[in-house]
Amino acid sequence: MLNKYDYYYGAFLSKLVSMQIVPALIEESKERRVYQLETGSNRMKVYSKYATSSTNTWNFRFSDEERERLLQWSDEERHQLFVLICSKKDLLGGEIAILTFDQLLACMDVREKYKEASCRVAIRKKKHSPFLYAYGTSRSLDDALPLTRNFADLLMHTSIPEPV
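Everything numeric in this text was worked out from a predicted model, so none of it was measured.

## A word on the nonpolar core
One finds Phe60, Phe62, Leu99, Val121 and Ile123 to be the most contacted residues of the largest nonpolar core, which totals 25 residues. Every element with two or more residues in this core is listed here: β3 (42–53), β4 (57–62), β5 (79–88), β6 (95–100), α3 (101–107), β7 (119–125), β8 (131–136) and β9 (145–148). For this core, the leading source of residues is α3, giving five residues. When near neighbours in sequence (up to four residues on either side) are disregarded, Ile123 contacts Asn56, Thr57, Trp58, Phe60, Leu84, Cys86, Ala97, Leu99, Leu132, Tyr133, Ala134 and Leu147. Counting 18 residues, the second-largest nonpolar core is a separate cluster that includes Met19, Ile85, Ile98 and Phe151.

## A short note on the packing of aromatic side chains
Inspection of every chain in the model, using the stated rule, returns seven aromatic pairs. Plain terms: the ring middles of Tyr47 and Phe62 are 6.5 Å apart, the flat faces sit at 25 degrees to each other, and that makes the pair stacked. Separated by 15 residues along the polypeptide, Tyr47 in strand β3 and Phe62 in strand β4 bring together distant segments of the chain. Note on accessibility: Tyr47 and Phe62 belong to one class, buried. Note on Phe82 and Phe101: the rings are 5.9 Å apart at their centroids and 40 degrees apart in plane angle, and the pair reads as tilted. Taken together, the residues Phe82 in strand β5 and Phe101 in helix α3 connect sequence positions 19 residues apart. Phe101 matches Phe82 in its accessibility class, with the two residues each being buried. Here a set of aromatic residues connected by ring pairs shows up, and it is made of Tyr47, Phe62, Phe82 and Phe101. In this structure, Lys49 is placed above the aromatic ring of Phe62, and the distance from its NZ or CZ to the ring centre is 4.9 Å. Seen from the ring of Tyr133, Lys126 lies directly overhead, with NZ or CZ sitting 4.3 Å from the centre.

## Quick word on the layout of surface pockets
By volume, the largest pocket is sized at about 200 Å³. What lines the largest pocket is Ala11, Lys15, Ile85, Cys86, Ser87, Leu91, Gly94, Glu95, Ile96, Arg149 and Phe151. Those elements giving two or more residues to the lining of the largest pocket turn out to be α1 (4–18), β5 and β6. The biggest single contributor to the lining of the largest pocket is β5, with three residues. Its residues assigned to classes, the lining of the largest pocket comprises six nonpolar, two polar and three charged.

## Observations regarding the sheet that holds β7
Strand order in the open sheet formed by four strands is β4-β7-β8-β9, with antiparallel pairing between adjacent strands. Lying at the two open borders of the sheet, with one neighbouring strand each, are β4 and β9. Across the sheet, the mean angle from the axis of one strand to that of its neighbour is 30 degrees, orientation sign disregarded. Here five bridges tie β7 to β8, and the two strands are oriented antiparallel to one another. The residue of β8 that forms the bridge with Val121 is Gly136.

Conventions we followed
- Residues numbered from 1 in each chain as written.
- Predicted model: local features only at pLDDT ≥ 70, side-chain atom pairs only at ≥ 80, totals over all residues.
- Heavy atoms only, no water.
- Core = buried A, V, L, I, M, F, W, Y, C linked by side-chain atoms within 4.5 Å.
- Buried < 20%, exposed > 50% of the residue type's maximum accessible area, 1.4 Å probe, protein only.
- Helix = DSSP H or I, 4+ residues; strand = E, 2+ residues; numbered from the N terminus.
- Contact = heavy atoms within 4.5 Å.
- Phe/Tyr/Trp six-rings, centres within 6.5 Å; stacked < 30°, edge-to-face > 60°.
- Lys NZ or Arg CZ within 6 Å of the ring centre and 35° of its normal.
- 1 Å grid on protein atoms, 1.4 Å probe; cavity = no way out; pocket = protein on both sides within 12 Å on 5 of 7 lines; lining within 4 Å.
- Points joined across faces, edges and corners; volume = space filled by probe spheres on them.
- Nonpolar A, V, L, I, M, F, W, Y, C, P; charged D, E, K, R; others polar.
- Pairing = 2+ DSSP bridges.
- Axes fitted to C-alpha atoms, helices over the stretch in contact; angles between N-to-C directions.

As structure tokens, then:
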């Protein structure tokens, strides 16, 4: 039986396959999927989540378990990417936002300072902008990080963003 979330994760997988990248599923749940990707000589772990919205802002909440897990990820040497699948309720006009680990921390600091707060990253799509904007628990919308909408470059390692 197919579930609603299968369609959202399937959108990301479809983009990967069209770029001739074959992911290996490491972990599967309703809330997230973790994939291992190999592109050229680079190997990376991709942590994906989805959110739906009827507006151009998507909110991604991270549980205490996910927060603890992200703290463990910061020690790994492999390149970490976070794929946030932004779906519209009518399935038209969605986006895929990709953040590095440093960008994610800049928006949602999972360390002690925000331990009591609900960890959240929001993605905003602005009309006529070539970027998506990321903000959250530890970063305001006024100070949002611009993210490229051309995520193929990120996955193929031609223009990895600098750490924040």
